[in-house]
Amino acid sequence: MNPGTAAATALFRLLPVKLVTAASRLPLAAPLIIASVAAPCATTALCDSTVMLFALPAAALLAAAIAAAAGGTATDEAALAERAGHAVRIVEGEWTNIKVTTPADLVTAEAIAGREGQAPVVTAARVGTGYDLHRLIEGRPLVIGGIVVPHDRGALGHSDADVICHAVTDAIFGAASLGDIGRHFPDHDPRWKDASSLDLLRRAVALVAARGFVVLNVDATVVLERPKIKDYIDAMRTAVAGALGIDPGQVGIKGKTNEGVDAVGRGEAIAAHAVALLDQKVEPDA
Ligand SMILES: [Zn+2]
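Not measured: the values here are computed from a predicted model.

Asks: Kindly report on the overall build of the protein, identifying the contributing residues and their values.
Replies: Check the secondary structure of the protein and you find 11 helices and 10 strands. Put simply, the protein has 286 residues, and 34% of those count as buried. In the protein, once contacts between residues fewer than 6 apart in sequence are set aside, the share between residues at least 24 apart is 70%.

Laid out in C-alpha cells, this is it:
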C-alpha cells in the first residue's frame, strides 16, 4: 500500500459513516470531494476546517495532488487537486468532521468516533443564593468558613453558627430546589447540637449529588465589623472547598464591614451572602 492509499484509508476509518456512505453514491465524474465543516461549530478552528474525501481512485488522486504541489504554492488541498486537473465539489459536512493533520488531531478524532451511537451528555446549570446571620456573644468561638478566628465574641447558634457554611449550604440547596438548611438540619434536632457546619455542608453536597448535581463554584461574602479576616481567607477557602469536594480555586470568599451601620456595624452580629453554581446531567429529551 503506497503512502497515499494508506492516508486515505486512515482518513476513511475516522470519518462518520454517514458522510462516507454519501460519498460512495456520488458520480465518478466528481471523485474528489471537500466536505466543508458547517455550523454549528464548537470552535473557530473547527469552523475553518475542511475534510477531504477521496472517492475513486484515492491513491492516484493523492499522487497527482502531491505532484502538483511542486508547481508552486497552494492555499489548501483543493487547490492542489484542481491544479492536477481534478474536479472538486463542496458538500455540506458536520463539525465532527475535524481536519486530521497532527497526532493530537488523531486523538480528538478517535474520541469523536468513539462517541458515535452514544446519547449526548446534556447538562443544565443551576444557580442558588444563600444568606445567614447570627448574633455575636461572649463565650462562643467565632467559626467562619470552617476556621476559628480569634475574637472576644463568637456566633450564637445551635450548631457552630458558621455563617459562610450556612449561606453556602442554602445556596446549594436553593440551586437544587431542595429547600433550605433548616429543613434538612433543623435547630431543634439534637444531632446538630454544636455540629460542625463544614460537616453539614458535606452532607448537603451528598444530598444534591444523589440527585445528579455537581458543584461548579461558590462565592461568598461575610459581613462583620471586627476582627479583620483577610489573613484567614485562604484557609477558609481551602476548608470550604474540601467540604464541597472541589478545588479552592472554585471558592471565592470576601470580607466586608457594615460601615458601622445596624447590628452588624455595631459588632453585635455577623452575616454572610453566598451564591452557588451547580450542574446537573439531564436526559437529552427531558
Ligand atoms: Zn446560620
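Asks: Please provide a residue-by-residue account of the pairing of strand 8 (residues 213-223), values included.
Replies: Relative to strand 10 (residues 269-282), strand 8 runs antiparallel, the two being bridged by 10 bridges. Bridge assignment links Ala-220 to a residue of strand 10, and that residue is Ala-274. In this structure, strand 8 lies alongside strand 9 (residues 251-256), joined through 6 bridges in parallel fashion. Bridge assignment links Ala-220 to a residue of strand 9, and that residue is Ile-253. Viewed along the sheet, the connection from strand 8 through helix 10 (residues 233-244) into strand 9 turns out right-handed.

Asks: How would you explain helix 7 (residues 163-175) if you had to name every residue and give the values?
Replies: Between the first and last C-alpha of helix 7 there are 18 Å, a value that for 13 residues agrees with the 18 Å anticipated at 1.5 Å per step. The element helix 7 is largely enclosed, with a buried count of 13 among its 13 residues. One or two steps after helix 7, the chain reaches Ser-177, where phi turns positive at roughly 55°.

Criteria and cut-off values
- Residues numbered from 1 in each chain as written.
- Predicted model: local features only at pLDDT ≥ 70, side-chain atom pairs only at ≥ 80, totals over all residues.
- Helix = DSSP H or I, 4+ residues; strand = E, 2+ residues; numbered from the N terminus.
- Buried ≥ 20, exposed ≤ 12 C-beta atoms within 10 Å, placed from the backbone.
- Contact = placed C-beta atoms within 7 Å.
- Pairing = 2+ DSSP bridges.
- Right-handed = clockwise from strand over helix to strand, strands pointing away.
- Expected span 1.5 Å × (residues − 1).

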